[in-house]
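These are the residues of each chain, in order.
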There are 2 protein chains.
Amino acid sequence: MNSVNLLKLIAEAREDLRKSEQKVADFVLANPNDVIHMRIVDLAAEAEVSEPTVVRFCRALGHEGFQDFKLMLAQGLASNTNFEQFSLDSKDTVSEFKEKIFDSMIGNLLNIKEQLNPETLEEAIDALANARRVEFYGFGASAPVCTDAAHKFHRLKVSCTSYSDPHMQAISAVSLDDRDVIVAISQTGRTKDLLHTVKLVKETGTTVIALCPSGTPLAELASIPIHIDLEEDKDLSTLMSSRVLHLVVIDVLAVGVAMKLGPGLVDHLKTIKRSLRSLRQNDKRPPVS
Amino acid sequence: MNSVNLLKLIAEAREDLRKSEQKVADFVLANPNDVIHMRIVDLAAEAEVSEPTVVRFCRALGHEGFQDFKLMLAQGLASNTNFEQFSLDSKDTVSEFKEKIFDSMIGNLLNIKEQLNPETLEEAIDALANARRVEFYGFGASAPVCTDAAHKFHRLKVSCTSYSDPHMQAISAVSLDDRDVIVAISQTGRTKDLLHTVKLVKETGTTVIALCPSGTPLAELASIPIHIDLEEDKDLSTLMSSRVLHLVVIDVLAVGVAMKLGPGLVDHLKTIKRSLRSLRQNDKRPPVS
DNA sequence: TTAACTTTGAAATTTAACTACAAAGCCGCA
DNA sequence: TGCGGCTTTGTAGTTAAATTTCAAAGTTAA
C-alpha cells in the first residue's frame, strides 16, 4: 500500500542523489522527528543547502513537493512505532523491557496476520466444524495452548480433549478415524513424540491440522499445515511469542467454527460467559471510580 | 505520548465546538484520508464554511494551525490501522474476521502496555525473585495461563507449581507463609473459589500478586494488584484477549525476575531451549525454500 | 583550457495560511 | 418587541512559506 518505512527508502535512494541533496537526506535521516515541524528554510539552513535543493530532494524521492514529503514522513514515522524484534539488555529498566516485550509481541502478531493464508484457515475451519471429535496434542509450552484450545472448543459444543502425555496421545490416536480431526501444536515442528503420534494418527485417515513453522517435519506430515514462521530467533522473542500466536490462531479457528455451526453459536460463547456469573462474587459496595 | 486516535478525539470534541466548526469536524471524520492532501480553501469549500473557521477548528483541537493539524491527522491515520475493538458480523469472510481478531488483540496489547505501572511490576518482580516458593492459581480460561506461567518460572529455577483445583489450592495455600508468593489470575476478579483461596493465603502472610481487572474483590485483596482493564465488553474480544494479555504480563514478570536473579539466567532460558533439541527430530532432506 | 553540461543557489513569483475587523446572529432584559 | 451586549461567522487584506526562474559556479571531456 504505502511506504511502511520511508526512512529506509531514503537511505536506499541516498546514493542516487546529488551531493547537496545527500546533505538533506542525511539531516532527515538523523532528525526525522524534527523535520516534520520544520519549514523549508529551516531545513535548508540545517542541511546547509538552499531551499530549491530541498524541494529537488523531495521531488527526487517522488513527492509532489516539500509539504507532501513532510506528510509522508509524518505517516511513516507514526506507523513505524518500531514493532521490531527486540534484544534485551541487562541494564534495561522494567519500563524499557516491558515496552520491548509488548512491541515485539505486536510485531509478531502483525507478521503472522499477514502470513496466514485464508484458504488454509477456511480448510481447517471446515474440517473442525465437520469433525466428529477433535483432539489437541502438544508438549511443553504448547501443552497449555492445547488445554486452552480444548476449553474454547468445548464452549462451541465440539467434542474434544487435549493430551500432553505421549502415551495418552498414542492410545487416543488409534481410536480415531477419518471422521475425526487432531490439531498438533508445536513451536519447533520437530518434537519426536508429537511426530510419532501424528504418524500413528495418519494411518487411521484422521485429518491432521498442524500449527508449526513451515518446512518442518510436522508441517510436511500434516494434512492442513498452518504455518507460523517467526522472524529469526532473536533473544527470547520466539520463545515467548509463539505460544501467544498459537492461541490467537486458535481463536480465529474457533470463531470460524462458531460461525459455520450457525450464528447462534457465536452468541452461545457469550451466554456461557453469563452462566459463569454464578461462580462469581459481586462487590458489596459501589465501585470506586 | 501522542494522540493514539485523533479521529476519536475529534468525535469526542465535536460537541464542544461551534456549529460551523462542527461542519468541519463532520467532513474530516467522513473523509479523513482526503483531508490530508487538501488545502485550507478546499476543506473550507467542502465543509461549506469559511477559511478562518477551519483554522479556528484546528486551534480548538489544540493545534498550532491548519498545517500542524494535517500533520497530526496524517500521523494518526498511519498509526491508526484501526486496532479498534471489533464486532463480528456473521457475514464476515475468514479473511475479515482474521483481521478483526488480530487487530483487536493488538489494540488491547497497546492499551495494556500503556496502562501497566512499572512500579507495581517492579514490586511484583522483587517479590517473585525473593520468594522461597511461587504458586499460580486460576480457573477456567486462566488455568492454562497458570500452567504456562509455572512452566516459564521453572525455567528460571524458581520453585513453583500451578493449581486449578480449588481443593489443591486450599491445601497448598495453608502450607505457605510470608516467605512465599502466590499469583492469582482471573479475568473477572470475582471467582468465588479463587477469592476463598486468596483469603486463606492472606492469613498466613503470604504475598499475593493478582492479575485481574481493577476495582474487583480480587484486586482489593491482593498485596500487589496488577490491573488488566480491557475496553468494555464488546463481543468476544474480552473473552479472547485477556488470557493472552495475562500471558504477556507474565512474560514481563519472568524476564524481570530473570534479570534480577542474575544476568546469567537470561542466558539460561536460551540454554534450556538448546537442551530440548535432543527431543527433536531433524529433517533428513534440505528445507524446501 | 574551453565548450557543453550538470549542479547549485539568489532573487522573484506564486500560493496558501493566517489575521484583523466587521457583519450577522443570538440572548436577555426592559 | 426592540435594543444593548455578546458570540459566532465570514470578507478582505496581510504575511509567511513554498516554488519557479534564471544565472552563476562547478565538473567533465575533448
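Residues numbered from 1 in each chain as written. Chains lettered and ligands numbered in written order. Predicted model: local features only at pLDDT ≥ 70, side-chain atom pairs only at ≥ 80, totals over all residues. Heavy atoms only, no water.

Moving on: the protein's contact with DNA strand D. With respect to spatial proximity, 17 residues lie near DNA strand D, and among them Arg-39, Ile-40 and Arg-59 of chain A together with Arg-18 and Ser-20 of chain B are the closest. Taking the atoms of DNA strand D that fall within 4 Å of the protein, sugar and phosphate contribute 74% of them. Here a phosphate oxygen of DNA strand D and a side-chain polar atom of Arg-59 of chain A are 2.8 Å apart. A distance of 2.9 Å separates a phosphate oxygen of DNA strand D from a polar atom in the backbone of Phe-66 of chain A. At the level of elements, helix H5 (51-60) and helix H6 (66-79) of chain A together with helix H2 (19-30) and helix H5 (51-60) of chain B are the ones that each hand at least two residues to the surface near DNA strand D. The element that contributes the greatest number of residues to the surface near DNA strand D is H5 of chain A, accounting for four residues. A per-class count over the surface near DNA strand D returns six nonpolar, five polar and six charged. (Near = heavy atom within 4 Å. Polar contact = N/O pair within 3.5 Å; in protein donor to acceptor, adjacent residues only side chain to side chain. Helix = DSSP H or I, 4+ residues; strand = E, 2+ residues; numbered from the N terminus. Nonpolar A, V, L, I, M, F, W, Y, C, P; charged D, E, K, R; others polar.)

It is worth spelling out the pairing of strand S5 (residues 224-227) of chain B at this point. Every regular strand shows the same layout, with side chains that alternate between the two sheet faces. Residue and element names in this part refer to chain B. Residues Ile-224 and Ile-226 point to one face of S5 and are all buried, whereas Pro-225 and His-227, pointing to the other face, are not buried. When strand S4 (residues 207-212) meets S5, the two strands line up parallel, connected through four bridges. The partner of Ala-210 across the bridge, within S5, is Pro-225. (Buried < 20%, exposed > 50% of the residue type's maximum accessible area, 1.4 Å probe, protein only. Pairing = 2+ DSSP bridges.)

This part takes up the packing of aromatic side chains. Counted according to the given criterion, the structure contains six aromatic pairs over all chains. Taking the centre distance of 6.3 Å and the plane angle of 40° together, the rings of Tyr-137 of chain A and Tyr-163 of chain A count as tilted. Taken together, the residues span a long stretch of sequence, with Tyr-137 of chain A in strand S1 (residues 134-137) and Tyr-163 of chain A in strand S2 (residues 160-163) at a distance of 26 residues. Just as Tyr-137 of chain A is buried, Tyr-163 of chain A falls in that class too. An angle of 80° between the planes, with centres 5.4 Å apart, marks the rings of Phe-57 of chain B and Phe-69 of chain B as edge-to-face. Placement of the pair is Phe-57 of chain B in helix H5 and Phe-69 of chain B in helix H6 (residues 66-79), with a sequence separation of 12 residues. Residue classification places Phe-57 of chain B among the buried residues on the basis of a relative accessible area of 0%. Residue Phe-69 of chain B is classed as buried on the basis of its relative accessible area, which comes to 0%. (Phe/Tyr/Trp six-rings, centres within 6.5 Å; stacked < 30°, edge-to-face > 60°.)

Moving on, we get to the sheet that holds strand S5 (residues 224-227) of chain A. All names here are of chain A. Reading across the sheet, the five strands line up as S2-S1-S3-S4-S5 and stay open at both edges, with parallel pairing between neighbours. Of all strands in the sheet, those bounded by a partner on one side alone are S2 and S5. Pairs of neighbouring strands in the sheet enclose a mean axial angle of 15°, with direction left out of account. Across five bridges, the pairing between strand S3 (residues 181-185) and strand S4 (residues 207-212) is parallel. Following the sheet pairing, Ala-184 is matched in S4 by Ala-210. (Axes fitted to C-alpha atoms, helices over the stretch in contact; angles between N-to-C directions.)

Once that is clear, we can look at the side chain of Asp-92 of chain A. Here Asp-92 of chain A lies in the loop between H6 and helix H7 (94-115). Among the polar contacts listed, one links the side chain of Asp-92 of chain A to the side chain of Lys-100 of chain A, at a separation of 2.7 Å.

On to helix H10 (residues 166-173) of chain A, then. Residue and element names in this part refer to chain A. Within H10, the full set of buried residues consists of Gln-169, Ala-170, Ser-172 and Ala-173. Structurally, H10 contributes buried residues whose contacts are with S1, S2 and helix H11 (192-203). Residue Asp-165 occupies the N-cap position of H10, its side-chain oxygen lying 2.7 Å from the main-chain nitrogen of His-167. (Contact = heavy atoms within 4.5 Å.)

Once that is clear, we can look at the sheet that holds strand S2 (residues 160-163) of chain B. Residue and element names in this part refer to chain B. Here five strands make up an open sheet; going across it, the order is S2-S1-S3-S4-S5 and the pairing parallel. Edge positions in the sheet fall to S2 and S5, since each of these pairs with one other strand and no more. If you compare each strand with its neighbour and ignore which way they point, the axes differ by 15° on average. As judged from the four bridges shared by strand S1 (residues 134-137) and strand S3 (residues 181-185), these two strands associate in the parallel manner. Bridge assignment links Glu-135 to a residue of S3, and that residue is Ile-182. Packed onto the sheet, helix H9 (residues 142-155) meets S1, S2 and S3 and runs at close to 170° relative to S2. Sitting on the sheet, helix H11 (residues 192-203) touches S1, S3 and S4, and the angle it makes with S3 is about 165°.

A word on the protein's contact with DNA strand C. Around DNA strand C there are 17 residues in total, and Arg-18 and Ser-20 of chain A together with Arg-39, Ile-40 and Phe-66 of chain B lie nearest to it. Backbone sugar and phosphate groups make up 77% of those atoms of DNA strand C lying within 4 Å of the protein. One of the side-chain nitrogen or oxygen atoms of Arg-39 of chain B is found 2.6 Å away from a phosphate oxygen of DNA strand C. Within the contact set of DNA strand C, a phosphate oxygen lies 2.9 Å away from a backbone nitrogen or oxygen of Phe-66 of chain B. Elements that contribute at least two residues to the surface near DNA strand C include exactly helix H2 (19-30) and H5 of chain A together with helix H4 (40-47), H5 and H6 of chain B.

Bringing the confidence of the model for chain A into the picture now. With 83% of its residues at a pLDDT of at least 70, chain A reaches an overall mean of 86. In the predicted structure, residues 283-289 of chain A sits below a pLDDT of 50 and forms five contacts with residues beyond four places in sequence or in another chain. (pLDDT = per-residue confidence, 0-100.)

Take the pattern of salt bridges next. Oppositely charged side chains are able to pair whenever their charged atoms sit close together. Tallying each qualifying case throughout the model produces 32 salt bridges over all chains. In this structure, the salt-bridge partner of Glu-135 of chain B is Arg-133 of chain B, at a minimum N-O distance of 2.9 Å. On the accessibility criterion, Glu-135 of chain B (1% relative accessible area) is buried. With relative accessibility at 24%, the residue Arg-133 of chain B sits in the partly exposed group. Connected via shared salt-bridge partners are Arg-132, Asp-177, Arg-179 and Asp-180 of chain A. (Salt bridge = Lys/Arg side-chain N within 4 Å of Asp/Glu carboxyl O.)

Residues and elements named next belong to chain B. Note that His-63 resides in the loop between H5 and H6. Its relative accessible area of 10% is what places His-63 among the buried residues. In this view, His-63 contacts Leu-6, Cys-58, Asp-68, Phe-69 and Met-72; residues no more than four positions away in its chain are not counted.

Residue and element names in this part refer to chain B. Two numbers describe how helix H1 (residues 6-13) lies on H6: the axes approach to 8 Å, and their chain directions differ by 120°. Between H1 and H6, the angle is such that the two are oblique. Where H1 approaches H6, its residues Leu-6, Leu-7 and Ile-10 are matched on the opposing element by Phe-69, Met-72, Leu-73 and Leu-77. When grouped by side-chain class, the residues that make up the contact of H1 with H6 number seven nonpolar, no polar and no charged. (Parallel < 35°, antiparallel > 145°, perpendicular 65-115°, else oblique.)

Below, the discussion takes up the nonpolar core. Judged by nonpolar contacts, the single largest core of 96 residues is most densely connected at Phe-136, Phe-153 and Ile-226 of chain A together with Phe-136, Phe-153, Ile-209 and Ile-226 of chain B. With 51 residues, the next largest nonpolar core counts Leu-6 and Leu-73 of chain A together with Ala-47 and Phe-57 of chain B among its residues. (Core = buried A, V, L, I, M, F, W, Y, C linked by side-chain atoms within 4.5 Å.)

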